[in-house]
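# Examination of the molecular architecture
Here is how the chains run, residue by residue.
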Amino acid sequence: MDKLSNIGTIKEILTRHGFSFSKTLGQNFLINPSVCPRIAELGNAAPGWGILEIGTGIGVLTVELSKRADKVVAVEIDTRLMPVLAETLQECNNVKIINQDILQVDLQQLLREEFPDQPVAVCANLPYYITSPILMHLLESRLPIRSITVMVQKEAAERICALPGTRSVGAISIAVRYFSEPKLLFHVSRGSFMPSPNVDSCVIRLDIREQTPADVQDETFFFQLVRAAFSQRRKTLINPVSAVLQLPKQQVADAVAAAGLKPTVRAEELQMEQFIALSNLLGPQRAT
Ligand code: SAM
């Protein structure tokens with residue numbers, strides 16, 4: 001179907017299927033025809049590649065991915081969209097739709113079965129209500145994927161791509177950077193969607209690292225520490241870390257000093273290596 005990105009075509013299809021948008025499912029569909037080809041091209045949709053898409057809507061991005069990649073597997077939660085997709089994707093022979101919640105899918109198994117021997121990338125215009133859980137689900141599952149190219153809310157994009165040691169950094173920035181190299185690709189205005197959301201958006205790409213930092217002794221504790229440190233982001237780090245992780249204040253203060261940090265240091269001032277050093281100092285103490 002050639003004119004799927006045309007707003008008239010989209011409206012006609014949705015009306016004919018009696019489809020009404022679900023706010024709860026974050027349904028803001030792309031109607032700007034220039035955006036999906038850019039996501040596909042910058043997101044590694046190319047000959048030889050397999051693509052995992054999350055949230056198809058009526059398939060505007062799916063069609064562009066299908067044109068460029070060898071195979072597309074797309075996970076969409078909304079059963080009401082299945083008959084719509086059967087129509088809009090009828091000419092896309094290399095697309096498989098899975099009607100499921102992405103957070104419930106065993107992604108390791110899915111990728112093993114669907115893409116046994118080709119490089120895989122994730123592309124999506126994400127439902128904004130679960131941006132962080134989806135990204136962390138993808139990253140923590142340590143999937144054999146090369147990149148994640150997604151549309152997210154502008155503020156989320158800025159937070160995710162923020163460098164450690166800057167004011168915009170948060171727990172998600174550190175977590176994402178642990179697994180990948182994030183990059184803000186381009187901005188998308190709210191008018192590019194139907195219905196138009198109250199926020200602007202950005203497309204970001206996370207290039208997955210071949211190896212996560214080798215010097216982290218206890219990964220679970222490292223992420224607990226990062227979350228605790230940012231739980232009161234403007235306060236000195238010692239207080240939230242000792243409160244959330246239930247460690248004596250003096251113990252945290254000693255670790256902060258041993259890591260070469262000043263006692264008044266705040267989470268947003270720390271580099272990745274300093275979080276790692278703190279985690280390696282405090283982790284073993286907590287276990288005893
Ligand atoms: N890709 C389409 C586009 O660009 O027009 C739709 C994007 S819309 C922002 C997000 C899509 O994700 C919707 O189709 C929604 O039904 C779907 N979705 C929401 N929650 C989901 C979940 N947990 N698992 C899979 N899909 C989900």
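To keep things clear, this report deals only with the structure shown in the data block. Just so it is clear, the structure is predicted and the values come from calculations on it, not from any experiment. Note on numbering: residues in each chain are counted from 1, in written sequence order. Side-chain atom pairs in this predicted model are given and counted only at pLDDT of 80 or more, local residue features only at pLDDT of at least 70, and totals for whole chains, interfaces and linings cover all residues. For side-chain calculations, the full set of non-hydrogen atoms in the structure is used, while hydrogens and water are omitted.

### Side note on the state of the cysteines
Condition: The term disulfide is used for any two cysteine sulfur atoms that are within 2.5 Å. Think of it in three bands: residues with accessible area under 20% of the maximum for their type are buried, residues over 50% are exposed, and the middle band is partly exposed, with areas taken using a 1.4 Å probe on protein chains only.
Tallied over the full model, the rule gives zero disulfides. In this model C36 remains outside any disulfide bridge; the closest cysteine sulfur is found in C123, 10 Å from its own. Taking the relative accessible area as the measure of exposure, C36 reaches 5% and is therefore buried. With no disulfide of its own, C92 lies 12 Å from the sulfur of C36, the closest cysteine sulfur. According to the relative accessible area criterion, C92 is buried, its value standing at 12%.

### Some details on the packing of aromatic side chains
Our working rule: Pairing of aromatic side chains requires ring centres within 6.5 Å, counting the rings of Phe and Tyr and the six-membered ring of Trp. Pairs whose planes differ by under 30 degrees are stacked, by over 60 edge-to-face, and all others tilted. Every helix listed is a DSSP run of H or I at least four residues long, and every strand listed is a run of E at least two residues long, numbered separately from the N terminus.
Summed over the entire model, instances satisfying the criterion amount to nine aromatic pairs. Note on Y178 and F223: the rings are 5.1 Å apart at their centroids and 75° apart in plane angle, and the pair reads as edge-to-face. Taken as a pair, Y178 in helix 8 (residues 171-179) and F223 in helix 9 (residues 219-230) lie far apart in primary sequence, 45 residues in all. One aromatic cluster in this structure is built from Y178, F179, F222 and F223.

### Quick notes on the site of the ligand
Short version of the rule: Definition of nearness: a residue and a molecule or strand are near each other if at least one heavy atom of the residue lies within 4 Å of the molecule or strand. The term polar contact refers here to a pair of N or O atoms within 3.5 Å; inside protein, the definition further demands a hydrogen-donor-capable atom paired with an acceptor-capable atom, and it admits residues adjacent in sequence only when both atoms are side-chain atoms. Accessible surface area values rest on a Shrake-Rupley calculation with a 1.4 Å probe, where residue burial reflects the displayed protein chains alone.
Taken together, 24 residues lie near the ligand, and L30, G55, E76, N125 and Y129 sit nearest. In the model, an oxygen atom of the ligand is placed 2.8 Å from a nitrogen or oxygen of the L30 main chain. The side chain of N125 places a nitrogen or oxygen atom 2.8 Å from an oxygen atom of the ligand. Relative to its unbound accessible area of 590 Å², the ligand is 99% covered by the protein chains.

### Details of the environment of I204
Here is the rule: We call two residues in contact whenever any of their non-hydrogen atoms come within 4.5 Å of each other.
With respect to the helices and strands, I204 occurs in strand 9 (residues 201-208). Along the backbone, I204 and R286 are 82 residues apart, and their C-alpha atoms lie at a distance of 37 Å. Beyond its immediate sequence surroundings of up to four residues, I204 is in contact with I148, T149, V150, V152, A157, I160, C161, K183, L184 and L185.

### Some details on the environment of N239
Within the secondary structure, N239 sits in helix 10 (residues 238-245). According to the relative accessible area criterion, N239 is partly exposed, its value standing at 30%. Through-space distance from the C-alpha of N239 to that of P37 is 48 Å; in sequence the pair is 202 residues apart.

### Focus: the packing of helix 2 (residues 35-42) against helix 3 (residues 60-68)
Counted only if it meets this: To get an axis, a line is fitted to the C-alpha atoms, and for a helix only the part in contact is used. The angle between two axes follows their N-to-C directions and goes from 0 to 180 degrees. Should an angle fall under 35 degrees it is called roughly parallel, over 145 degrees roughly antiparallel, and 65 to 115 degrees roughly perpendicular, with every other angle called oblique. Crossings are sorted by hand: turned counterclockwise from the far helix by less than a right angle, the near helix makes the crossing left-handed, and turned clockwise it makes it right-handed. Side-chain classes are defined by residue name, with Ala, Val, Leu, Ile, Met, Phe, Trp, Tyr, Cys and Pro counting as nonpolar, Asp, Glu, Lys and Arg as charged, and the others, Gly among them, as polar.
Between helix 2 and helix 3, whose axes approach to 9 Å, the crossing angle comes to 45°. Put simply, helix 2 runs oblique to helix 3. When the axes of helix 2 and helix 3 are compared, the crossing they make is right-handed. On helix 3, the residues that touch C36, P37, I39, A40 and E41 of helix 2 are V60, L61, E64, L65 and R68. Its residues placed into classes, the contact of helix 2 with helix 3 shows seven nonpolar, no polar and three charged.

### Some thoughts on the pairing of strand 3 (residues 71-75)
Applicable threshold: Here, any two strands with at least 2 DSSP bridges between them count as paired. Classification remark: right-handed applies to a crossover when, strands pointing away from the viewer, the course from the first strand over the helix to the second runs clockwise.
Along strand 3, four of the five residues are buried, which leaves the element largely enclosed by surrounding structure. One ladder, built from five bridges, connects strand 2 (residues 50-54) with strand 3; its direction is parallel. What sits directly across from L52, in strand 3, is V73. What joins strand 2 to strand 3 is helix 3, and the crossover it makes is right-handed. The parallel pair strand 3 and strand 4 (residues 95-98), bridged by helix 4 (residues 82-88), forms a crossover whose chirality is right-handed.

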